[in-house]
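Spelled out from the first residue to the last, the chains are:
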Amino acid sequence: MTQEELDALMAEDLSDLTSSIDNVSDTSLDEPDLTEDADAVVQNSGHIVTHDNYRVSSTSAWPPPPPTDDHKVVHQLDDVTKDSEEKATEMFDKLETISGFCQDAENTSNDAKTCIARNIEVFEILHEKFPNVQTFSELLELNKNLDNKIDDIISNVQMGQDEVMMTMDMMQYQDIHRQKIERVINVMRALSKYMNSLFEGRIDDEKRVGSAMHIEGDTTTEDVVSNADIEALIDSLGKK
């Protein structure tokens, strides 16, 4: 067959050739059809992973998490820093309230101690003047014991205030952690801008030619329509 006859044959049966190639491609491909579910990501162990049922796993490298708000790294870190700062502020407010209660308790105890001191002074005078009256002696001893207990209460309240102050000092780590996370966020944002600038092109994506699903030389050679297949189709058309 000459070149002119081959050109004529290809011109006459171009539509049949295109249809035959499509049939070969359709019969050779054996891939799951995920077009019915727009949210399907990948088929993993017989289960279709979608945006709704995806779960992050440290043991699975694929599929990657879908770009939802729950998986956006900077978005999540921003939420962490915001919530952390809010909760830390609330915690400081609570600690300051507790410290205020302790201060009020200490002031009240000091007032009670002043009254007890006055009682002790009075009962000491009465006990000296009336040593045979047992009641004065008992009340004097009772107020002395009560004064000692008030001292214990004041000491415990002061230790509570000290613990509150130490807790507030320890809470400073929260602000340090927030600053570290914000520094990580800034690095990630700078890296994202750098990568976007590095990979940006001069041609819009809408104007680019679509990539071929299979290229000769790929590992999926069984899905490739080779030159031999096309020549066989041409030969079959020439025998009609």
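Residues numbered from 1 in each chain as written. Predicted model: local features only at pLDDT ≥ 70, side-chain atom pairs only at ≥ 80, totals over all residues. Heavy atoms only, no water.

### Brief notes about the pattern of salt bridges
Put simply, the rule reads: The term salt bridge refers to a side-chain nitrogen of Lys or Arg lying within 4 Å of a carboxyl oxygen of Asp or Glu. Starting at the N terminus, helices and strands are each numbered in turn, a helix being any DSSP run of H or I of at least four residues and a strand any DSSP run of E of at least two. Summary of the burial criterion: residues with accessible area below 20% of their type's maximum are buried, those above 50% are exposed, and those between are partly exposed, where the area comes from a 1.4 Å probe applied to protein chains only.
Enumeration according to the criterion identifies 6 salt bridges in this entry. Asp 147 is paired through a salt bridge with Lys 113; the nearest N and O atoms lie 2.9 Å apart. Linking Asp 147 in helix H4 (residues 134-170) with Lys 113 in helix H3 (residues 73-129), this pair joins segments that are 34 residues apart in sequence. With a relative accessible area of 14%, Asp 147 lands in the buried category.

### A word on the packing of aromatic side chains
Each aromatic ring pair is described using two quantities: the centre-to-centre distance and the angle formed by the ring planes. Rules: Note on ring pairs: Phe, Tyr and Trp rings are taken, using the six-membered ring of Trp, and paired if centres are within 6.5 Å. Classes follow the plane angle, with under 30 degrees stacked, over 60 edge-to-face and the rest tilted.
Per the stated rule, a full pass over the model turns up 1 aromatic pair. Judged by centre distance (6.1 Å) and plane angle (55 degrees), the ring pair of Phe 130 and Phe 136 falls under tilted.

### Concerning the confidence of the model for the chain
Close inspection of predicted coordinates is inappropriate for parts of the model with low pLDDT. Spelled out, the test is: By definition, pLDDT measures how confident the predictor is in each residue, and it falls between 0 and 100. We call two residues in contact whenever any of their non-hydrogen atoms come within 4.5 Å of each other.
Averaged over the chain, the pLDDT score is 76; the fraction of residues at 70 or greater is 65%. Per-element mean pLDDT across the chain ranges from 46 in strand S1 (residues 40-44) up to 92 in H4. Across residues 24-46, where pLDDT falls below 50, the model places 35 contacts with residues more than four positions away in sequence or in other chains.

### Section: the nonpolar core
To keep things clear, this is the line we draw: Put simply, buried Ala, Val, Leu, Ile, Met, Phe, Trp, Tyr and Cys residues joined by side-chain atoms within 4.5 Å make one nonpolar core.
In terms of nonpolar packing, the biggest core is built from 6 residues, these being Ile 116, Ile 120, Phe 123, Leu 140, Ile 150 and Ile 154. Taken together, the elements giving at least two residues each to this core come down to H3 and H4. Among residues more than four places away in sequence, those in contact with Ile 120 are Leu 140, Asn 143, Lys 144 and Asp 147. If you look at the next biggest cluster of nonpolar residues, it comprises 5 residues, including Phe 92, Leu 95, Val 164 and Met 171.

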